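Tertiary structure, described
Residues per chain, in single letters:
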Amino acid sequence: MTSAPAPSFNPGKGIGSPVGIALLGYGTVGSEVMRLMTEYADELEHRIGGPLQIRGVAVSDKSKPRPGVPDELLTDDAFSLVKRDDVDIVVEVIGGIDYPRKVVLAALKAGKSVVTANKALVAAHAAELADAADEANVDLYFEAAVAAAIPVVGPLRRSLAGDQIQSVMGIVNGTTNFILDAMDSSGAGYDESLAEATRLGYAEADPTADVEGHDAASKAAILASLAFHTRVTSDDVYCEGITNISAEDIRAAKQADHTIKLLAICEKITDSNGETAISVGVHPTLIPRSHPLAAVNKSFNAIFVEAEAAGRLMFYGNGAGGAPTASAVLGDVVGAARNKVHGGRAPGESTYANLPIADYGETPTRYHVDMEVEDRVGVLADLAQLFADRGISLRTIRQEESGEGARLIVVTHQARENSLAATVEALKDHPAVKSINSVIRLERG
Ligand code: HSE
């Protein structure tokens, strides 16, 4: 006879108990977290069941003025702060990977729940952090790591936990969306639009992580892990940025009633062996103007989820900035604090499905190839044959006069990425092809 498992009881600290907070980092986000926590202290206390009390604010340089922080709270010793007995929750808003990883691990190992906004850290080290949180029976929250104020981590972790997610596709980087939107609305080139984004404060002084797609790739890894119950890290994500997108690409897209967006695309595919696998990529994508993501302009973000029972869902809003990011951080702080006061734990990492990550070459996609070719008898037939040789069906072909030759724009039907890429290589080697202007993937639909 088997006996029933002993009921477990995790009583928490009890109603009215204060919840100690260590804030790591006091930049744009940290200062907003502090402001909101102070300004809405009473409201938050009611929502939690006990007051939040800031025990310390760790910064790298204590001598810099930190308006809003009493001197006695400032410290440059984050490791000691996170281990203090009166700290229950550690809020990490420093950025970077190596240093925050060490401090966050130290906090988890000391039995503190952690709230982080750090997508690069979560995308690279989710397994290690989740294991440390499990071992200490504490929470690890990271809503702000993906698209700041937009609630998407919580919905994937909780609200959609009973559904089967087929794909998650989104605009998860505001800087690149601002640049592409500026190019689309003004006809300006990439450099000019990046300069505008920098002047208006949408792009950072060093925009590399944004324009090369790395920031979006970290977010894609997090979204795919949550959606498909599988560990996906930033190294698993195929990544292409927007630096090669030209004013001419945007003009050609417009002519075809499309626009170009940098999309993070996470989906379940059937690979060439007939197995289910996960494909995760970030790249510029042509989407019809009628697609809901085409209407996402300026620096806004949006995430489009398709699930078996829920159908299509879209999450839209501010994906960056001090206050929007602090909103998501504080939502997590309230969740973690409620658990401290009342007992219990947030859902942890779920990786039971452990699906294989497909090589990106296996991904079914469609190509838009824009090239300059010689204008003579048989060229079109020859080039179409290169696609046919690899089993790729053509959807549309448009030809325009271009100087002495012709400009040819070919849109394919769906085929595997590696067959399409091999065809582009063959086109480059063909004597009738003078140059390939651009190759851009189309949204699958
Ligand atoms: N730099 C990001 C963006 C915000 O432009 O959306 C933080 O991930």
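The structure presented is a predicted model; accordingly, all values stated were derived computationally and were not measured.

**Things to note about the UniProt feature "binding site: NADP(+)" (unreviewed entry) in the protein chain**
The sites that UniProt annotates as "binding site: NADP(+)" (unreviewed entry) are L24, G25, Y26, G27, T28, V29, G30 and S31. Setting aside residues up to four positions removed in sequence, Y26 forms contacts with S31, M34, V57, V59, R66, P67, G68 and V69. Reaching out from Y26, the side chain makes a polar contact with the backbone oxygen of P67 at a distance of 2.9 Å. Along the chain, the position of S31 falls in helix α1 (residues 28-39).

**Considering the packing of α1 against helix α12 (residues 322-342)**
Two elements in contact, α1 and α12, have axes whose closest approach is 8 Å; the angle formed by their N-to-C orientations is 60°. Classified by the angle between their axes, α1 and α12 sit oblique to one another. Two packed elements cross with a definite hand, and for α1 against α12 that hand is right-handed. When α1 is examined against α12, the residues T28, V29, E32, V33, L36 and M37 are found in contact with a partner set consisting of G322, A323, T325, A326, S327, V329, L330 and V333. Its residues placed into classes, the contact of α1 with α12 shows nine nonpolar, four polar and one charged.

**Notes on the site of the ligand**
Around the ligand lies a shell formed by K119, N173, G174, T175, D210, D215, K219 and A320. Taking D210, its side chain carries an N or O atom lying 2.9 Å from a nitrogen atom of the ligand. When the ligand is considered free in solution it has 260 Å² of accessible area, and contact with the protein chains removes 84% of it. For the shell around the ligand, the secondary-structure elements that each account for two or more residues are α7 (174-186) and α10 (214-228). Across the shell around the ligand, the residue classes tally to one nonpolar, three polar and four charged.

**Points about the pattern of salt bridges**
With the rule as written, the count across this model stands at 24 salt bridges. A salt bridge links D88 to K13; the nearest nitrogen and oxygen atoms lie 2.9 Å apart. Pair noted here: D88 is in the loop between α3 (78-83) and β4 (89-92) and K13 is in the segment before β1 (19-24), with a separation of 75 residues, a long-range link. Residue K13 is classed as partly exposed on the basis of its relative accessible area, which comes to 37%. Residue E43 pairs with R47 through a salt bridge whose shortest N-O separation is 3.1 Å. Of the two residues, E43 and R47 are both situated in helix α2 (residues 41-48); the distance of four residues between them amounts to about one turn of the helix. The class for R47 is partly exposed, based on a relative accessible area of 49%. Ionic contacts of the salt-bridge type, sharing partners, join the residues E248, R251, D370, R398, E400 and R407 into one network.

Rules and cut-offs
- Residues numbered from 1 in each chain as written.
- Predicted model: local features only at pLDDT ≥ 70, side-chain atom pairs only at ≥ 80, totals over all residues.
- Heavy atoms only, no water.
- UniProt positions renumbered as here; feature names shortened; annotations may be inferred.
- Contact = heavy atoms within 4.5 Å.
- Polar contact = N/O pair within 3.5 Å; in protein donor to acceptor, adjacent residues only side chain to side chain.
- Helix = DSSP H or I, 4+ residues; strand = E, 2+ residues; numbered from the N terminus.
- Axes fitted to C-alpha atoms, helices over the stretch in contact; angles between N-to-C directions.
- Parallel < 35°, antiparallel > 145°, perpendicular 65-115°, else oblique.
- Left-handed = near helix turned anticlockwise from the far one by under 90°.
- Nonpolar A, V, L, I, M, F, W, Y, C, P; charged D, E, K, R; others polar.
- Near = heavy atom within 4 Å.
- Areas by Shrake-Rupley, 256 points an atom, 1.4 Å probe, with all protein chains shown as cover.
- Salt bridge = Lys/Arg side-chain N within 4 Å of Asp/Glu carboxyl O.
- Buried < 20%, exposed > 50% of the residue type's maximum accessible area, 1.4 Å probe, protein only.

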